[in-house]
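Observations on the model geometry
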Amino acid sequence: MTGLFIAFEGGEGAGKSTQARLLAEALRAQGRDVVLTREPGGTAGAEAIRALLLSTEGEGWGPRAEALLFAAARADHVERLIRPTLARGAIVICDRFLDSSRAYQGGGGGVSDEDVLALHAIGSEGLLPDLTVLLTLAPDEAAHRLALRDQGQSDRIGGRDAAYHARVAKAFERFAAAEPQRFARIDAAGDPAQVHARVLAAVERVA
Ligand code: TYD
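Here is a short report on the structure shown in this document. Counting starts from 1 at the beginning of each chain's written sequence and moves along it residue by residue. Totals for whole chains, interfaces and linings use every residue, but because this is a predicted model, local features are given only for residues with pLDDT of at least 70 and side-chain atom pairs only at 80 or more, for both listing and counting. The side-chain values count all of the structure's non-hydrogen atoms but skip hydrogen atoms and water molecules.

1. Section: the site of the ligand
Near, as used in this document, describes a residue that has one of its heavy atoms within 4 Å of the molecule or strand being considered. In the region of the ligand, 17 residues are neighbours, and E12, R50, R96, S101 and Q105 sit closest. S101 is positioned with one of its side-chain polar atoms (N or O) 2.6 Å from an oxygen atom of the ligand. Within 3.5 Å is the distance limit for a polar contact, defined as a pair of N or O atoms, with the added protein rule that one can donate a hydrogen and the other accept it, and that residues adjacent in sequence qualify only through two side-chain atoms. R149 places a polar side-chain atom, nitrogen or oxygen, 3.1 Å from an oxygen atom of the ligand. Put simply, DSSP H or I for four residues or longer makes a helix, DSSP E for two residues or longer makes a strand, and each gets a number counted from the N terminus. Per-element accounting of the shell around the ligand gives the leading share, 4 residues, to helix 4 (residues 98–108).

Here's what the structure looks like:
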């Protein structure tokens, strides 16, 4: 038996973590076995790499080193948590996955999509979600939500300039347009319950 793999993607402040949690709760209430996890992170090794990537101390990493570190964190997460969970027939809900590397290190940082995908092939044998929920939000609304959440304390990547985040958003749109069967593009405007209803409708297609 193989389970179901659902990823949430989108820019900062779109509400991915809230929506991932609400979906996990809804599926558990239906009696499903659900593992809720996140990237970068999800296993001890990947959380250690997360701390390296997001710390605001030191010089940080160039886009290629960053792409390698995200791919290494993902390899550990896929091998130790995601694949075993899917193999027992459970549902994995992941807050960010491969498409974040394609959008941030690729679209934002300039690493080619082919290179990001090659790293994913090496690290994680190319595992893709069954469904990728892309939450979309106008940049000014996202900035407003982030100001409330972070109080000016963003991490190293979240704190990059508006042009970087605009390239990230465009990249996500390209990926969703190129693979409409894998992506559900969902409007993240409105309150969490309204957005959750839209997410559930999309998940019913695959669950
Ligand atoms: P996260 O903690 O999910 O931040 P947020 O709640 O703001 O979405 O992710 C941390 C940061 O890491 C976020 O700015 C996006 C970035 N990121 C990448 O650049 N590449 C990746 O592959 C992943 C998974 C995340």
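2. As for helix 3 (residues 63–87)
In this analysis the local bend is the angle between axes fitted, respectively, to the seven residues ending at and the seven residues starting at the residue. A maximum bend of about 50° is found in helix 3 at V78. Just beyond helix 3, the residue with positive phi is G89, at close to 90°.

3. Focus on the pairing of strand 4 (residues 131–136)
The side chains of a regular strand alternate, first on one face of the sheet and then on the other. Throughout this description, buried means an accessible area under 20% of the type-specific maximum (1.4 Å probe, protein chains only), exposed means over 50%, and partly exposed covers the range between. Extensive coverage of strand 4 is indicated by the burial of 6 of its 6 residues. Here strand 4 shows a buried face lined by L131, V133 and L135 and a second buried face lined by T132, L134 and T136. Between any two strands, at least two bridges found by DSSP are needed for them to pair. Relative to strand 4, strand 1 (residues 4–9) is paired through 4 bridges, and the arrangement is parallel. Along strand 4, the bridge assignment pairs F8 with V133. Pairing between strand 4 and strand 5 (residues 183–187): 5 bridges, direction parallel. Of the residues in strand 5, the one forming a bridge with T136 is D187.

4. Examining the nonpolar core
Among the nonpolar cores identified, the biggest contains 23 residues, and I6, F8, I93, L135 and V199 are the most heavily contacted of them. When residues of this core are traced back to their parent elements, those giving at least two are strand 1, helix 1 (16–29), strand 3 (91–95), strand 4, strand 5 and helix 8 (192–203). Not counting chain neighbours up to four residues away, the residues in contact with I6 comprise L23, I91, V92, I93, C94, L131, V133 and V203. In this description, a nonpolar core means a group of buried Ala, Val, Leu, Ile, Met, Phe, Trp, Tyr and Cys residues linked to one another through side-chain atoms lying within 4.5 Å. Of all hydrophobic cores here, the second largest spans 18 residues; its members include L54, F70, Y104 and I157. Any two residues whose heavy atoms approach within 4.5 Å are treated as being in contact.

5. Notes on the sheet that holds strand 1
The strand order across the open sheet built from 5 strands is 2-3-1-4-5, with neighbouring strands paired in parallel fashion. A strand with exactly one partner marks an edge of an open sheet, and here the two such strands are strand 2 (34–38) and strand 5. Along the sheet, successive strands turn relative to each other by an average axial angle of 20°, direction set aside. Both strand 2 and strand 3 contribute to a ladder of 5 bridges, which runs parallel. Across the sheet, residue V35 finds its bridge partner in strand 3, namely V92. The axes are straight lines fitted to the C-alpha atoms, using for helices just the contacting stretch, and the angles between their N-to-C directions are given from 0 to 180°.

6. Some words on the side chain of H196
Position of H196 relative to the elements: it lies in helix 8. Residue class for H196 comes out buried when judged on its relative accessible area of 15%. Excluding residues that lie within four positions of it along the chain, H196 makes contacts with Q19, L22, L23 and A26.

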